[in-house]
Amino acid sequence: MFFLASKVFWLLAQPLSVVFLLMLGAVVALLRGKKRLALVALFLGVLVHGTVSFTNLGYLVMQPLEDRFAVPSPPPETVDAIIMLGGATLERPSSARQIAELNDAGDRLTTTLWLAQTYPSAKIFISGGSGALTDEGEAEATTAERFFLAFGIARERLVLEGASRNTDENVANTKGLLGDSGDGNIVLVTSAFHMPRSVGIFEKAGLSVIPWPTDYRTPGPQWFGFDIANPVQNVNVSTVAIKEWVGLLIYYWTGKTSALFPAP
């Protein structure tokens with residue numbers, strides 16, 4: 001129920017949906033003769049669209065998320081388990097073509113591969129099912145398995161968890177698979193913006209992890225300003241950042257994390 005509710009909520013609350021609903025509201029208000037209301041809705045729609053498309057707002061919102069945790073320095077001498085959270089592949093082409101097609105978060109896979117080669121005795125736990133409302137293909141854990149096998153990682157090192165649909169289920173399902181590995185050094189790999197919420201859920205579940213953030217999208221500290229180089233990318237970064245902050249709020253309110261903004 002939580003999964004379905006979160007999907008429906010974000011379908012309506014993401015920036016482009018807000019713009020569409022405001023434009024739709026403006027048309028309805030105009031047809032009903034409420035010109036002032038239509039102008040207000042139109043103005044708000046243009047404001048939201050212009051802000052997320054042609055400014056660096058998304059990067060400013062994402063920056064604190066990415067800066068919350070750093071790659072461990074020095075790195076641990078030994079690692080018993082590496083947990084990679086799903087969200088790094090394109091489900092439909094990967095399933096249809098039996099490949100591992102990476103998306104913007106593909107660094108989760110490449111970083112985990114590097115860690116697997118650096119710590120050859122560590123078990124690799126791949127947690128990821130399908131985050132879609134409808135079944136669009138194989139679980140991401142299966143896609144990721146294909147990726148790691150292609151790069152020479154032994155099958156017996158891989159532990160697949162392909163039932164989870166969100167981060168909360170990632171943690172709950174992976175915890176039950178860790179076994180003896182749960183008593184050693186556990187490295188957690190996910191996107192830097194996603195690390196605070198992920199660490200908070202693992203801590204709530206009683207698991208201590210070593211965060212290894214990857215997939216950085218922000219260039220560093222900056223001031224608010226116009227950014228017209230790539231409006232589509234700006235919309236994407238804004239959407240991801242806003243969704244993550246909303247996720248932090250909801251997970252804290254529902255008791256899935258013990259802190260609003262988990263820290264090291």
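Nothing here was measured: the structure is a model prediction, and the numbers come from that model. Residues take numbers from 1 onward in each chain, read along the sequence in its written order. Side-chain atom pairs in this predicted model are given and counted only at pLDDT of 80 or more, local residue features only at pLDDT of at least 70, and totals for whole chains, interfaces and linings cover all residues. Neither water nor hydrogens contribute to the side-chain values; these are computed over all heavy atoms in the structure.

## Thoughts on the overall build of the chain
So, step 1. Across its full length, the chain carries 10 helices and 5 strands.
So, step 2. Radius of gyration means the value over C-alpha atoms here, while the globule rule gives 2.2 Å times the residue count to the 0.38 power. In terms of overall size, the chain behaves like a compact globule, its C-alpha atoms giving a radius of gyration of 20 Å where 264 residues would be expected to give roughly 18 Å.
So, step 3. Each principal axis of the C-alpha atoms in the chain carries an extent, and together these give about 70 × 40 × 35 Å.
So, step 4. Only protein chains enter the accessibility calculation, which uses a 1.4 Å probe. A residue is then buried if its area is under 20% of the maximum for its type, exposed if over 50%, and partly exposed in between. Going through the 264 residues of the chain one by one, you find that 45% of them count as buried.
So, step 5. Intrachain contacts of the chain at a sequence separation of at least 6 include 74% that bridge at least 24 residues.
So, step 6. When the accessible surface of the chain is totalled, it reaches about 13500 Å², and 63% of it is carbon and sulfur.
So, step 7. Only four residue types enter the charge count: Lys and Arg as positive, Asp and Glu as negative, with His and the chain ends excluded. To locate a charge, the coordinates of NZ of Lys, CZ of Arg, CG of Asp or CD of Glu are taken. Mean positive and mean negative side-chain charge positions of the chain (20 and 23 charges, respectively) differ by 12 Å. Helix numbers and strand numbers start at the N terminus; a helix is a DSSP run of H or I with at least 4 residues, a strand a run of E with at least 2. A contact between two residues is defined here by any heavy atoms of the two lying within 4.5 Å. All accessibility values rest on the Shrake-Rupley procedure with a 1.4 Å probe; residue burial counts only the protein chains present in the view.

## A few points about a nonpolar patch on the surface
So, step 1. For patches, a residue must show more than 30% relative accessible area and have no salt bridge; joins then use 9 Å for like charges and 5 Å for nonpolar side chains, namely Val, Leu, Ile, Met, Phe, Trp and Tyr. Note on definitions: salt bridges are taken to be side-chain nitrogens of Lys or Arg within 4 Å of carboxyl oxygens of Asp or Glu. Together, Leu4, Val8, Leu11, Leu12, Phe20, Leu21, Leu24 and Val28 make up an exposed nonpolar region whose accessible area comes to about 720 Å².
So, step 2. For the nonpolar patch, the elements supplying multiple residues, two or more each, are α1 (2-13) and α2 (15-31).
So, step 3. Among the secondary structure elements, Val28 is positioned in helix α2.

## Points about the pattern of salt bridges
Once the charged atoms of two side chains with opposite charge are near each other, the side chains can pair.
So, step 1. Scanning all chains against the criterion turns up 6 salt bridges.
So, step 2. Here Asp168 ties to Lys256 by a salt bridge, and the two come within 3.2 Å at their closest N and O atoms. A residue pair is termed long-range when its members are at least 10 positions apart, and Asp168 in helix α8 (residues 167-175) and Lys256 in the segment after α10 (231-253) qualify at 88 residues.
So, step 3. Judged by relative accessible area, which is 23%, Asp168 ranks as partly exposed.
So, step 4. Across the salt bridge formed by Asp215 and Arg217, the nearest N and O atoms sit 2.9 Å from each other. Each member of the pair, Asp215 as well as Arg217, is classed as buried.

## Digging into the packing of aromatic side chains
So, step 1. Only Phe, Tyr and Trp rings take part, Trp by its six-membered ring, and two of them pair if their centres are within 6.5 Å. Stacked means planes under 30 degrees apart, edge-to-face means over 60, and tilted covers everything else. Counting across every chain of the model gives 4 aromatic pairs.
So, step 2. Arranged with centres 5.3 Å apart and planes meeting at 85 degrees, the rings of Phe147 and Phe148 form a pair that is edge-to-face.
So, step 3. Between Trp245 and Phe261, the ring centres sit 5.1 Å apart and the planes meet at 50 degrees, which makes this aromatic pair tilted. With Trp245 in helix α10 and Phe261 in the segment after α10, the pair connects residues that are 16 residues apart, well separated along the chain.
So, step 4. Taking relative accessible area as the criterion, Phe261 reaches 21% and is therefore assigned partly exposed.
So, step 5. Every member of this aromatic cluster is reached through a ring pair, and the members are Phe147, Phe148 and Phe151.
So, step 6. We call a charge positioned above a ring when the Lys NZ or Arg CZ atom is no farther than 6 Å from the ring centre and deviates by at most 35 degrees from the ring normal. When the ring centre of Phe261 is taken as reference, the NZ or CZ atom of Arg68 above it lies at 3.9 Å.
So, step 7. Arg197 extends its terminal NZ or CZ atom over the ring of Tyr251, reaching a point 4.8 Å from the ring centre.

## Here's the deal with the environment of Leu47
So, step 1. Looking at the element boundaries, Leu47 is found in helix α3 (residues 35-54).
So, step 2. Classification of Leu47 as partly exposed rests on a relative accessible area of 44%.
So, step 3. Separated by 28 residues in the primary sequence, Leu47 and Pro75 place their C-alpha atoms 45 Å from one another.

## Regarding the sheet that holds strand β4 (residues 186-191)
So, step 1. Taken together, the 5 strands give an open sheet; going across it, the order is β3-β2-β1-β4-β5, and neighbouring strands pair in parallel fashion. Both edges of this open sheet fall to β3 (158-161) and β5 (210-214), since each of them pairs with a single strand only. The average angle at which neighbouring strand axes cross in this sheet is 20 degrees, direction not considered.
So, step 2. We treat two strands as partners when DSSP finds at least two bridges between them. Across 4 bridges, the pairing between strand β2 (residues 123-127) and β3 is parallel. Bridge pairing in β3 links Ser127 to Glu161.
So, step 3. Orientation is described by axes fitted as lines to C-alpha atoms, over the contacting stretch for helices, and by angles from 0 to 180 degrees between their N-to-C directions. In this fold α8 packs onto β1 (81-85), β2 and β3, with an angle of close to 130 degrees to the strand it touches most, β3.

Remember, this is a structural readout, not a statement about activity or role.
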